[in-house]
Every structure is written in C-alpha cells, then in structure tokens.
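Residue strings, one per chain:
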Amino acid sequence: MAELKLTSARKSFGSIDVLHGIDLAVKDGEFVVFVGPSGCGKSTLLRVIAGLENVTSGEIHIDGERVTHLPASERGLAMVFQSYALYPHMSVRKNMGFALENMGLKPAEIEARVDRAAAMLRLADYLDRKPKALSGGQRQRVAIGRAIVRDPKIFLFDEPLSNLDAELRVATRKELAALHANIGGTMIYVTHDQVEAMTLADRIVVLNAGRIEQVGTPLELYNRPSNAFVAGFIGSPR
Ligand code: ADP
Ligand code: MG
C-alpha cells in the first residue's frame, strides 16, 4: 500500500498539451476514480503514474520517494487494461505467475501467490485452462489476478470493465469493490462511466481537457458540484 503525489504534472506529445499541470494527492488505501469524457487525458495520466510515459514537467512521488524518472518496472505498481492482454498459449496459472518468474520468485512462492489470488477471484477451478476456454468476465479476473500476485504498492485500472456486457460489468464491479475491501490496496481507476465512478470511489477526480475540474467524494460532487461541467457530468443520465 502506498500514497501517491503528483505535483504540476504536465504531458505534451509534440506541440499537443494533453495534461496541463495536475496536482493530486492519493492517500494510502484510497480508491480514487478518474472520470471525464473520451480524450480528456485519463489514460495518459494513468500511464504517466505507471511510468509508461514520462511527464514533460512536474514531479511524481510514491510514499515520499521521487519516482518521476524511474522506469515502470521499478515503481512497484501494477496496471490492468481494458484489453486483457492474456497470453493465449499459456494456462491461467502461467498467465498469472509468469511475471513473478521474471521477478526471480521461487516456484513454491509463485504457486502460493497464484492460489491465493485465484481463490479470491473464484478462479481456482480454472487454473489449468487456456484463456480461450474462459468467459469474458473470467478473463478479466485473470488480468486482475495477474496484478494481485505482484503485491503492488498501487493498482492502476484503465477502463477494465468496458469490454464486458452490462450484466458482467455490474458483477465484476462488485468483485472489485470486495477486492478493495479485502486487500485494502491503493487503487486508481479510470472510467468514463459515471455509475462505476459513483459506486466504487472513495474520491472522484473529474478531468476535462487535461485539467482537474474537481476532486471530492461521490456525495460531495453530486451535492456540491463546483461548476456546470461537473454537474452535467456527474448528474447526467447515461
Ligand atoms: P482518455 O483516456 O481520457 O480517452 P487519452 O489520455 O487516451 O484520453 O488521450 C488524451 C489526448 O492525448 C487525446 O487527444 C489523444 O489523442 C492524445 N494522445 C494520447 N496518447 C498520445 C500519443 N502517444 N501521441 C499523441 N497524442 C496522444
Ligand atoms: Mg483512455
């Protein structure tokens, strides 16, 4: 578990400014959701935190340590994407444990971690299957399991449910909430879905065109939106 701090984080691609100076502090164990319309910079912000992109300027700290220029592999974070990116030729067990082999963990420790995560995600009976023999929801749980086994300081999710149908989305959302209650990790979650944001978040960060419009609890944003954009975005029916 860890806290995260962004200070004046900016990101440009060539002459296009995508993030205009983001200041944000995420507390240890907090579930923070980034919401905003398509193209507002949610994924870029997550990738900058993950170390998959470098900030153009500004600073990033994790647990007080400056990680602004650390590569992704040294930040101790784990990211779950909307496309599950599972290895088709590997079993579920192998998909979940593969990265741990590269981290140099012993086979017995890898097996124990995979078994623990599989039990948590109701995947214990599917560990020998290949991804193509799983449902969409099960595949997404494998992708989440792959993050859990790494015991990351912070979990980063980029629209992890957007490829699932409506029913599965609700079920998997509930599992994510239970997971957070269980392991209590710091979680940063990107979505363009207001309902997901309202139900999962301790605090919501509303982004618009690369800037933070407002940060607050779901109730605060709903009851006291600081401007029309937030009111429209949080209040509008889907
Ligand atoms: P969101 O996730 O909120 O939909 P993104 O962070 O993916 O938004 O993108 C924000 C803006 O940055 C978009 O205008 C997108 O085209 C641009 N962008 C993202 N990645 C790159 C890149 N690698 N090169 C150039 N422009 C990019
Ligand atoms: Mg995105």
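Owing to the predicted nature of the structure, the values given are computational and were not obtained by experimental measurement.

Reading guide: rules and limits
Residues numbered from 1 in each chain as written. Chains lettered and ligands numbered in written order. Predicted model: local features only at pLDDT ≥ 70, side-chain atom pairs only at ≥ 80, totals over all residues. Buried ≥ 20, exposed ≤ 12 C-beta atoms within 10 Å, placed from the backbone. Helix = DSSP H or I, 4+ residues; strand = E, 2+ residues; numbered from the N terminus. Pairing = 2+ DSSP bridges. Right-handed = clockwise from strand over helix to strand, strands pointing away. Near = placed C-beta within 6 Å. Nonpolar A, V, L, I, M, F, W, Y, C, P; charged D, E, K, R; others polar. pLDDT = per-residue confidence, 0-100. Contact = placed C-beta atoms within 7 Å. Axes fitted to C-alpha atoms, helices over the stretch in contact; angles between N-to-C directions. Parallel < 35°, antiparallel > 145°, perpendicular 65-115°, else oblique. Left-handed = near helix turned anticlockwise from the far one by under 90°.

1. Some thoughts on the pairing of strand β8 (residues 186–191)
- Of all six residues making up β8, six are buried, and the element is well covered by its neighbours.
- Burial of β8 is two-sided: the residues Thr186, Ile188 and Val190 facing one way and the residues Met187, Tyr189 and Thr191 facing the other way are all buried.
- Alignment of strand β3 (residues 31–35) against β8, held across five bridges, turns out to be parallel. Opposite phenylalanine 34, over in β8, you have valine 190 as the bridge partner.
- For the segment spanning strand β7 (residues 154–158), helix α5 (residues 166–183) and β8, crossover handedness is right-handed.

2. As for the site of ligand 1
- If you check the shell around ligand 1, you find Phe13, Ile16, Val18, Gly36, Ser38, Gly39, Cys40, Gly41, Lys42, Ser43 and Thr44 and nothing else.
- Counting residues per element, the ones that place at least two in the shell around ligand 1 are β2 (16–26) and α1 (42–50).
- Residues belonging to the shell around ligand 1 are distributed by class as follows: four nonpolar, six polar and one charged.

3. Some details on unusual backbone geometry
- For arginine 122, which is not a glycine, the phi torsion comes out positive at approximately 55°.
- Assignment of secondary structure puts arginine 122 in the loop between α3 (107–120) and α4 (136–148).
- In this structure arginine 122 comes out as exposed when scored by C-beta crowding, with 12 C-beta atoms within 10 Å.
- Although it is not a glycine, alanine 209 sits at a positive phi angle of roughly 50°.

4. Comments concerning the confidence of the model for the protein
- Mean pLDDT for the protein: 93, with 98% of residues reaching 70 or above.
- The complex prediction reports pTM at 0.93, with the ipTM value standing at 0.98.

5. With respect to the sheet that holds strand β1 (residues 4–13)
- What the four strands build is an open sheet, ordered β2-β1-β4-β5; its pairing is antiparallel. Only two strands of the sheet have a single neighbouring strand rather than two, namely β2 and β5 (65–66).
- As paired elements, β1 and β2 share eight bridges and run antiparallel to each other. Residue pairing across strands places serine 12 opposite aspartate 17, the latter belonging to β2.
- Strands β1, β2 and β4 (57–62) of the sheet are contacted by α1, whose axis makes an angle of about 60° with β2.

6. Notes on the packing of helix α2 (residues 92–102) against α3
- Running from amino to carboxyl end, α2 crosses α3 at an angle of 135°, the nearest separation of the two axes being 10 Å. One finds that α2 runs oblique with respect to α3. The chirality of how α2 crosses α3 is right-handed. Along the contact surface, α2 presents Arg93, Met96, Gly97, Leu100 and Glu101, while α3 presents Ile110, Arg113, Val114 and Ala117.
- Taken together, the residues of the contact of α2 with α3 sort by class into five nonpolar, one polar and three charged.

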